[in-house]
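Chain and residue survey
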Amino acid sequence: HSSGSSTFSRCRALTSVGGALKVEGAQSLFKMRGGSMRFSDCWAFSNGGALFVMKGLRQQGGDIELMNCSSTSQGGGIYIGLRDGGNLEQDAGSISLNKCYVAGGDFQFGFGGGISVGDSVRQSGTIRLENCHVEGGSGGGMKVRRMLNVSGSMSFSSCRATKDGGAFTADSVYVEGGAKLSFDKCRAKAGGALKLDMGFEQQGGDVSFRNCSTWNVGAQVLKLMSENARHGRGGGAIWIRNGNLTQTAGGLRFYGCGGVKGGAVYISEGHLILKGGKQDYVECVASSGGGGVFLHKGHVFQQKTDLTFQSCKAQRKGGAVDVSHGSYYQSPGTLLNITKCVARDHGGGLFASESLHLADVDFRENFAWGSGMAAIARDDVVMDSMHFTGDGESVISAPLVVVQKTVNCTASQQCRLRAREVQVNEFLCPIGAGRYKGRLAEGCLPCVAGRVQILEETNASCAPCPSNSFCSAQYLRAFPGYMLSSDNISRMYHCPNSMACPGGDLPNKTKPMCGNGYTGLGCAECETATHGKSDVDILQCIPCANERWLQAMQISWLIIKDALAFGIAGASLIGDSLEEKQSNVLLNQFMAFAVVAGSTLSSTMNTKTLKQFSSRNSDIVWWSGLLQPDAGASLECILGYLGLPKTVWHSHLISSVTPVLLMLLFAVIKDVPSALMVGSNCFLPRRWWTTDLSLSSPAALGAAGAVRAALSGRPTGLVAQRHSGGAAKGPCDIPYQRISTTVCILGVGALGAEDGPEAFYSLATSDPFSSIAYGRQYPRSAFCVDCALARCTVPESQVECHRSFATHHGIVDDHPFQLHDRK
């Protein structure tokens, strides 16, 4: 028993054991309950350079310190000899050894440079071993014949052994509770830190290995084909001869470890079983296979543990893991992350001689000189999902590759799975790359010249560059006056109002496709939250007022302008008969013309035809511009102020309230015929008709079509869309020259065709040879003489009629509204 303080210095046992202290007898047990014991420069010829105990050592407190003690056989500092019951039991206190060693001498099979234990170790206090070593033997820091059970703190620093186990050798290691076990710069020919015969099990605590390696094979300066590397064996940190490495909880970390087979872990015959906790392998290297882990015969079962490999390297196969004769199984819900791992042969991340069954794996910037940038297997590779970063000609290589969910290649411009058969539910390709499928490979490849892909995380292939745009593999810029949608980049839309389309780009959207306040296909719609369509120019969107007083003024103006026009027209009839007066007739005709001319000219000014005309006839266009009013007010904005939907139906409804009330009031004051006459002259032309039928019927039909679409609940739009087959049904589909518009109008009314108004509206807004989306109030383009008056549905046999018509007039730039007469 010891509880006081004692010091032993320069003690010698020339022909026996225990250089300073010897406790003999089968029943002799050395107990320490407190105080301190210090040994320095002690030596023994055989075992126990400082302390020899036969039965065992039990520490319940106090400190034991050994400095520069040595022997020639076992236990350079402490030797506990009894094979059955010779245990080291530490409940509390500390044991510290520095520069203790076994020189080997004539025996050449020394063990335990610091401590040699005949049976087992149960440790709950603190044990520190620094700069301990064995020459010609194993267990540079400690040799334990059976089990090492750790629940306290143990650290090994710069310990080394000529043969196995630079830190210690044992049958098995069991780590539990809040244990903290660390190894730093330990070296040996095999098992740089640990050489275990039966396995390693961790159920808690934290275990870390830093810069541990097989003999002279360091991770920082690794000479993969040097003599030292060839003479070394497996396991830069741990070598398990016949057993499993099992982790249930806690953390297990390897930093900068290097070995021949298995830069960190080498298992000869056994499995890597991961049931919980977390494992990290960072900058571990192997001169053969398995930069992080090498399994000679066995499998990897990753059931719950999160596993990370970073910057691991292997001279041959498996930059992270090499399962030489077995498979890798990963359960759903676990994390497998392999980053910047390299293999000089195959399998930059994983190699398995049999199969890989993976759940969710993340491969980032891995590389292999051979095949399988991320992984390779000689049997099947089956995964739930995979995320790949980097460029890979062959990311996964196997006879059969099955991915049940998604392969995410958004961080890679080239990502292919190579196999005789590839079964993948979905690839997610990045901008500039598209889905590719070949005979023996499938994945994402960069778009070639003339093709583009601007969507993020898409399964789509590269598409041809659309017309009227500047295009590269991952960039699109539409010409001014055109727009396209990211949902369908192969379809370019001509904007009815060219000023609404400044020429936007995708996918960066540094310049939007639509100007401020515009949205939809062809930028033909207005942002409902902030803008509304102008009452005088349906193609123009104007901002709605935010201030209450401005909103009140606009609502007041809606009432005043109708009342003023009605008052001027009806003033001359108060007290008079219904006799026609020349001044009244001229006034009414002027008012009707003014209403229609503004809308007609505003539509005409946005056409491609008139823009070319204006470049040659600038004077005429300047004078005609005087007839085109500004954006004016917006009924849609007023609807928004009142909390009503911004629809065509509601716009017409709210604009009819004041006229109806004025006409009722005038009917009371004067009479019904006078009210009808004045109301029709003031209000009807701007809604349904004009005084010049041949010039303005398309606008009138456009309004009728818009109302018809609103009543039927169908979507309205403004952009004519081409389709591969079929045309919009209507009573007129073949262009006849000089057919009276009145006949078509009467035909629509007589037939009561469901799509009649929309079809007539399409005459002024669309290509005569393309299908039409529903119209919206006013024409989008200029009149095209002899081509936009009628359009009739015909069978496929009459399509040549369309072609001959196009040939006759000459469609320029594939634009239906820009015709040149070839006569």
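Parameters at a glance
Residues numbered from 1 in each chain as written. Predicted model: local features only at pLDDT ≥ 70, side-chain atom pairs only at ≥ 80, totals over all residues. Heavy atoms only, no water. Helix = DSSP H or I, 4+ residues; strand = E, 2+ residues; numbered from the N terminus. Buried < 20%, exposed > 50% of the residue type's maximum accessible area, 1.4 Å probe, protein only. Contact = heavy atoms within 4.5 Å. Areas by Shrake-Rupley, 256 points an atom, 1.4 Å probe, with all protein chains shown as cover. Pairing = 2+ DSSP bridges. Disulfide = S-S within 2.5 Å. Phe/Tyr/Trp six-rings, centres within 6.5 Å; stacked < 30°, edge-to-face > 60°. pLDDT = per-residue confidence, 0-100. Core = buried A, V, L, I, M, F, W, Y, C linked by side-chain atoms within 4.5 Å. Axes fitted to C-alpha atoms, helices over the stretch in contact; angles between N-to-C directions. Left-handed = near helix turned anticlockwise from the far one by under 90°. Nonpolar A, V, L, I, M, F, W, Y, C, P; charged D, E, K, R; others polar. Expected span 1.5 Å × (residues − 1). Bend = angle between axes of the 7 residues up to and from the residue. Salt bridge = Lys/Arg side-chain N within 4 Å of Asp/Glu carboxyl O. Patch = residues over 30% accessible without salt bridge, like charges linked within 9 Å, V, L, I, M, F, W, Y side chains within 5 Å.

Glancing now at the overall build of the chain. The secondary structure content of the chain amounts to 12 helices and 62 strands. The buried share of the chain, reckoned over its 823 residues, is 54%. Contacts spanning at least 24 positions in sequence make up 70% of the contacts within the chain whose residues lie at least 6 apart. For the chain, the exposed surface amounts to about 35,000 Å²; the carbon and sulfur share of it is 54%.

Taken together, the 3 strands give an open sheet; going across it, the order is β54-β55-β58, and neighbouring strands pair in antiparallel fashion. Taken across any chain shown, the strands that pair with only one partner, and hence form the sheet edges, are β54 (469–472) and β58 (505–506). When β54 meets strand β55 (residues 475–478), the two strands line up antiparallel, connected through 4 bridges. Across the sheet, residue C471 finds its bridge partner in β55, namely L476.

Let us look at the state of the cysteines. Per the stated rule, a full pass over the model turns up 8 disulfides. Note that C447 is cross-linked by a disulfide to C462, the S-S spacing being 2.0 Å. Between C447 and C462 the sulfur-sulfur dihedral comes to about -85°; the bridge is accordingly left-handed. Of this pair, C447 sits in the loop between β51 (441–446) and β52 (451–452) while C462 sits in the loop between β52 and β53 (463–464), and the two are 15 residues apart along the sequence. Grouping residues by exposure puts C447 and C462 together as buried. Between C514 and C523 runs a disulfide, and the two sulfur atoms are separated by 2.0 Å.

With the rule as written, the count across this model stands at 15 aromatic pairs. Ring geometry for Y281 against F309: centres 4.6 Å apart, planes inclined by 15°, an arrangement best described as stacked. Here Y281, found in strand β31 (residues 278–282), pairs with F309, found in strand β35 (residues 306–310); they are 28 residues apart in sequence, far enough to count as distant. Y281 sits in the buried class, given a relative accessible area of 1%. Using a relative accessible area of 0% as the deciding quantity, one classes F309 as buried. Both rings, one in F301 and one in Y329, keep their centres 5.5 Å apart while their planes meet at 10°; by these two values the pair is stacked. Highlighted residues: F301 in strand β34 (residues 300–302) and Y329 in strand β38 (residues 328–330), separated in sequence by 28 residues. One aromatic cluster is present, built from ring pairs that chain together F156, F168, F183, F209, F254, Y281 and F309.

The next subject is the confidence of the model for the chain. With 72% of its residues at a pLDDT of at least 70, the chain reaches an overall mean of 77. In this model residues 217–231 is a low-confidence stretch, pLDDT under 50, and it forms 26 contacts with partners more than four residues away in sequence or in other chains. Confidence drops under pLDDT 50 across residues 618–630; counting only partners more than four residues distant or on other chains, this segment forms 14 contacts.

Attention now moves to unusual backbone geometry. Where the residue is not glycine, phi is negative for most of them; where a peptide bond is considered, it is trans in most cases. For the peptide bond that leads from L506 to P507, omega is 5°, which places it in the cis range. Its location among the elements puts P507 in the loop between β58 and β59 (518–519). Despite not being glycine, R10 shows a phi value in the positive range, around 55°. As for its position among the elements, R10 is in the loop between β1 (5–9) and β2 (12–13). Although it is not a glycine, E457 sits at a positive phi angle of roughly 55°. Looking at the secondary structure, you find E457 in the loop between β52 and β53.

For the rest of this paragraph, the subject is the nonpolar core. In this structure, F183 and F209 are the most contacted members of the largest nonpolar core, which totals 105 residues. Sorting elements by how many residues they give to this core places strand β24 (residues 194–210) first, with 5 residues. The contacts of F209, once residues within four sequence positions are left out, are F183, A193, L194, A237, I238, L252, R253, F254, Y255 and C257. Judged by nonpolar contacts, the second largest core, of 21 residues, contains M492, Y493, L506 and C526.

Further remarks concern the packing of helix α2 (residues 548–571) against helix α7 (residues 648–669). Two numbers describe how α2 lies on α7: the axes approach to 10 Å, and their chain directions differ by 35°. In this structure, the crossing between α2 and α7 has a hand that is right-handed. Two secondary-structure elements touch here, α2 through L558, I559, D562, A563, F566 and G570 and α7 through I654, S655, T658, P659, L662, M663 and F666. Within the contact of α2 with α7, the residues separate by chemical class into 9 nonpolar, 3 polar and 1 charged.

Think of an α-helix as turning once every 3.6 residues; residues three or four places apart then point the same way. Look at α7: 32 Å from first C-alpha to last across 22 residues, which is about the 32 Å you get at 1.5 Å a residue. The largest bend in α7 amounts to roughly 30° and is located at S656, with the proline P659 lying one to four residues further along. Residues of α7 that are buried include every one of V648, S651, H652, I654, S655, T658, P659, L662 and F666, and no others.

Structurally, the position occupied by M663 is in helix α7. Residues M663 and M677, 14 residues apart in the sequence, show an inter-C-alpha distance of 9.5 Å. Setting aside anything within four residues of it in sequence, one finds M663 in contact with F566, A675, L676 and G679.

Applying the stated criterion across every chain, the model contains 14 salt bridges. Note that R241 is salt-bridged to D197, the shortest N-O span being 3.3 Å. Of the two residues, R241 is situated in strand β26 (residues 238–242) and D197 in strand β24; the sequence distance between them amounts to 44 residues. A relative accessible area of 42% places R241 in the partly exposed class. D362 serves as the salt-bridge partner of R364, at 2.9 Å between the closest nitrogen and oxygen. Three or more residues are tied together by salt bridges with common partners; here these are R58, E89, D91 and R122.

On to the pairing of β31, then. Of the pairings in the sheet, the one linking strand β27 (residues 244–255) to β31 comprises 5 bridges and is parallel in character. Paired with G251 across the bridge in β31 is K278. Alignment of β31 against β35, held across 5 bridges, turns out to be parallel. If you follow K278 over to β35, its bridge partner there is D306.

Let us look at α2. With 24 residues, α2 extends 34 Å between its outermost C-alpha atoms, agreeing within 8% with the 34 Å of an ideal straight helix rising 1.5 Å per residue. For α2, every residue scored as buried is listed here: Q551, L558, D562, F566, A569 and G570.

Judged by side-chain polarity, W557, I559, I560, L564 and I568 come together as a nonpolar surface patch covering roughly 500 Å² of accessible area. One can find W557 in helix α2.

A word on the environment of G277. With respect to the helices and strands, G277 occurs in the loop between β30 (272–274) and β31. Under the relative-accessibility criterion, G277 is labelled partly exposed at 31%. Separated by 75 residues in sequence, G277 and Q202 place their C-alpha atoms 9.2 Å apart.

As a further point, take the side chain of S208. When you line up the elements, S208 lands in strand β24. Taking the relative accessible area as the measure of exposure, S208 reaches 14% and is therefore buried. With residues near it in sequence (within four places) discarded, S208 still touches L181, S182, F183 and R253.

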